[in-house]
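Summary of the model geometry
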Amino acid sequence: MVIVAHGSDTGEDYYNVYLSDDTGSSYSLSLENLVLEKANDISFYDLEEIEGIPGTFIANQRISSHTGTTDNLRSLISFDGGAEWELIRPPANTFDENGVLCEPPLCSLHFHMSTSNYFRLGVASWDTVPGIILAHGTAGSKLAKEPDLFISRDGGINWDKTLSDSWGVNLMDFGGIILAAKDYHHNRSSEIKYTCTEGLSWRVHNFGGQDVTVWGVITEPGETSVTSLLFGTAPGSKWIVIKLNFTNAFEKKCGKDDYYIWEPWNERIENSACLFGETLKIDRRKINRCCFNGGDFDRNIVTQTCPCTENDYECDWGYRRENEMGGSCVRDSDVALAEPSCENGNIYAPSGYRKIAGDHCEGGDTDELDPINYKCSSSDSSSKVLALGVVFAVLVLLLITIVIILAVVVVFSL
């Protein structure tokens, strides 16, 4: 996956995302008009790979308004490595800024990411906590200001609003605790919130002392621990660090009955739990069990290869989806393709599709998606050249003959 800058008639660059084949030598269009800003020669782009869930990405795209400007942004999600993108499903019973029930395609969920003035968390995910995603966003036809905190517990398929306003957030104990502190967009506070139910309910803890403007929340030595550090400023711009230990927040040590097996993506593809060519079965703590995983917790993940289907294919070079949100792969009139040539006794003609690089599927009934392969003679190409040469030579001889005949006729007429 690469980001390429393109020039425009207005003099402003726009940025597209391209995907390569498994050799890295051929690229096809994945997403147009990615949001990217530059500051001090550093590029900030709104594209995040979701950790722990292979092939899942979230991006922000510039969209034109009725005035022709591209200041409007919307968020999209891909579950197949960028082969197809779709709108992000809003929580049930969510209303837009006009009080209208939010339903795609007119209304969806949008997130503040790296280029946003509200950037605090971005789109956060962790490979030690597969399936959990936290992000600040708004519901509507485009991204708006004043975001709330949203959570997905199934890898980005479904989302819930878990807290109002913007927060500094981090995870502890393999996701057993989510900690949230009012960030620097708000007044100073001496309170934090935490949940051991993946955001279904929150508890308040007052860490005492003076109120603090929180600039960051860090878990040490990582999201597997139960210790967190808040760093911020107190009155007088004095920097302080507050250490919080959540060992006593748990009711017990988790046992075997406190876990279940979770399969990602089984709600997205009808009658299939496959995505990116495999199924995953992941040990996960039950959402209503406030128990302690512990630093020695070893999350069991079992994978199984799936047979290939159209979901494991993307558009080949020179082809593109027939509409922004998917559809069949059709010829891209802006791309010129060379005629297929005979190589090693075979001619490969593109079908318009190619298998997604990194996809793990095997077998399956995908003959119509694979390149068209038929036998040819290794001399076919040279024969064509020879035939063209013969035709050219005949035409030259014919032209010479005509000139000679005309010259003879002129001589006799004299």
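For the structure, check the block above.
The paragraphs below set out a description of the structure included in this document.

Thresholds, definitions, all that
- Residues numbered from 1 in each chain as written.
- Predicted model: local features only at pLDDT ≥ 70, side-chain atom pairs only at ≥ 80, totals over all residues.
- Heavy atoms only, no water.
- Helix = DSSP H or I, 4+ residues; strand = E, 2+ residues; numbered from the N terminus.
- Buried < 20%, exposed > 50% of the residue type's maximum accessible area, 1.4 Å probe, protein only.
- Contact = heavy atoms within 4.5 Å.
- Areas by Shrake-Rupley, 256 points an atom, 1.4 Å probe, with all protein chains shown as cover.
- Phe/Tyr/Trp six-rings, centres within 6.5 Å; stacked < 30°, edge-to-face > 60°.
- Salt bridge = Lys/Arg side-chain N within 4 Å of Asp/Glu carboxyl O.
- Patch = residues over 30% accessible without salt bridge, like charges linked within 9 Å, V, L, I, M, F, W, Y side chains within 5 Å.
- Pairing = 2+ DSSP bridges.
- Axes fitted to C-alpha atoms, helices over the stretch in contact; angles between N-to-C directions.
- Lys, Arg positive; Asp, Glu negative; His and termini not counted.
- Charge placed at Lys NZ, Arg CZ, Asp CG, Glu CD.
- Disulfide = S-S within 2.5 Å.

**So, the overall build of the protein chain**
Of regular secondary structure, the protein chain possesses 1 helix and 33 strands. Residues counted as buried form 46% of the 414 residues belonging to the protein chain. A fraction of 52% describes how many contacts in the protein chain between residues 6 or more apart in sequence connect residues 24 or more apart. Of the roughly 22,200 Å² that the protein chain leaves accessible, carbon and sulfur atoms contribute 51%.

**Let's talk about the side chain of Glu-198**
Structurally, Glu-198 can be placed in the loop between strand S17 (191-195) and strand S18 (203-206). Glu-198 gets classed as buried once you look at its relative accessible area, which sits at 10%. Residues contacting Glu-198, with those up to four places away along its chain left out, are Ile-132, Ile-151, Arg-153, Ile-178, Arg-284, Arg-285 and Ile-287.

**Let's talk about the packing of aromatic side chains**
Using the criterion set out here, one finds 6 aromatic pairs in the structure. With a centroid separation of 5.2 Å and 65 degrees between ring planes, the pair formed by Tyr-194 and Phe-246 is classed as edge-to-face. One end of the pair, Tyr-194, is in strand S17; the other, Phe-246, is in the loop between strand S21 (238-245) and strand S22 (252-253), and 52 residues separate them in sequence. The exposure classification of Tyr-194 matches that of Phe-246, with both residues buried. Ring centres of Tyr-259 and Phe-297 lie 5.3 Å apart, and the angle between their planes is 10 degrees; on these two criteria the pair is classed as stacked.

**A word on the pattern of salt bridges**
Using the criterion set out here, one finds 12 salt bridges in the structure. For Glu-314, the salt bridge is made with Arg-354, and the minimal N-O distance between the two is 2.9 Å. Of the two residues, Glu-314 sits in strand S27 (residues 313-315) while Arg-354 sits in strand S32 (residues 353-355), which places them 40 residues apart along the sequence. Summarising the burial analysis for this pair, Glu-314 and Arg-354 share the class buried.

**Structural notes on a nonpolar patch on the surface**
Together, Phe-95, Val-100 and Leu-101 make up a nonpolar patch on the protein surface, roughly 280 Å² of accessible area in all. Its location among the elements puts Leu-101 in the loop between strand S9 (86-87) and strand S10 (108-111).

**Some thoughts on the sheet that holds S18**
Ordered in space as S15-S16-S17-S18, the 4 strands form an open sheet in which the pairing is antiparallel. Each of the sheet's edge strands pairs with one partner strand only, and the pair in question is strand S15 (167-172) and S18. Across the sheet, the axes of successive neighbouring strands diverge by a mean angle of 25 degrees, strand direction being ignored.

**A look at a negative patch on the surface**
A contiguous patch of negative charge on the surface is contributed by Glu-310, Asp-365, Asp-367 and Glu-368. Relative to the elements of secondary structure, Glu-368 occurs in the loop between S32 and strand S33 (372-375).

**Looking at the sheet that holds strand S26 (residues 301-305)**
The sheet built from 3 strands is open, its strands ordered S23-S24-S26 with antiparallel pairing. Because the sheet does not close on itself, it has two edges, and the strands there are strand S23 (259-262) and S26. Each neighbouring strand pair of the sheet contributes to a mean axis angle of 15 degrees, computed without reference to strand direction. Sheet topology note: the strand S24 (residues 278-285)/S26 ladder contains 5 bridges and is antiparallel. Directly across from Lys-281, in S26, lies its bridge partner Val-302.

**Focus on the state of the cysteines**
Disulfides are covalent bonds that link the sulfur atoms of two cysteine residues. For the structure shown, the criterion picks out 6 disulfides. Cys-254 shares a disulfide with Cys-291; S-S distance 2.0 Å. Disulfide Cys-254-Cys-291: the torsion about the S-S bond is 95 degrees, which places it as right-handed. Of this pair, Cys-254 sits in the loop between S22 and S23 while Cys-291 sits in strand S25 (residues 291-292); the two residues are 37 residues apart in sequence, bridging distant segments of the chain. The exposure class of Cys-254 is buried, given its relative accessible area of 11%. Relative accessible area serves as the criterion here: at 1%, Cys-291 is assigned to the buried category. The disulfide partner of Cys-315 is Cys-329, and the S-S distance across this bridge is 2.1 Å. Its S-S torsion of about -95 degrees marks the bond between Cys-315 and Cys-329 as left-handed, since a negative value means left-handed.

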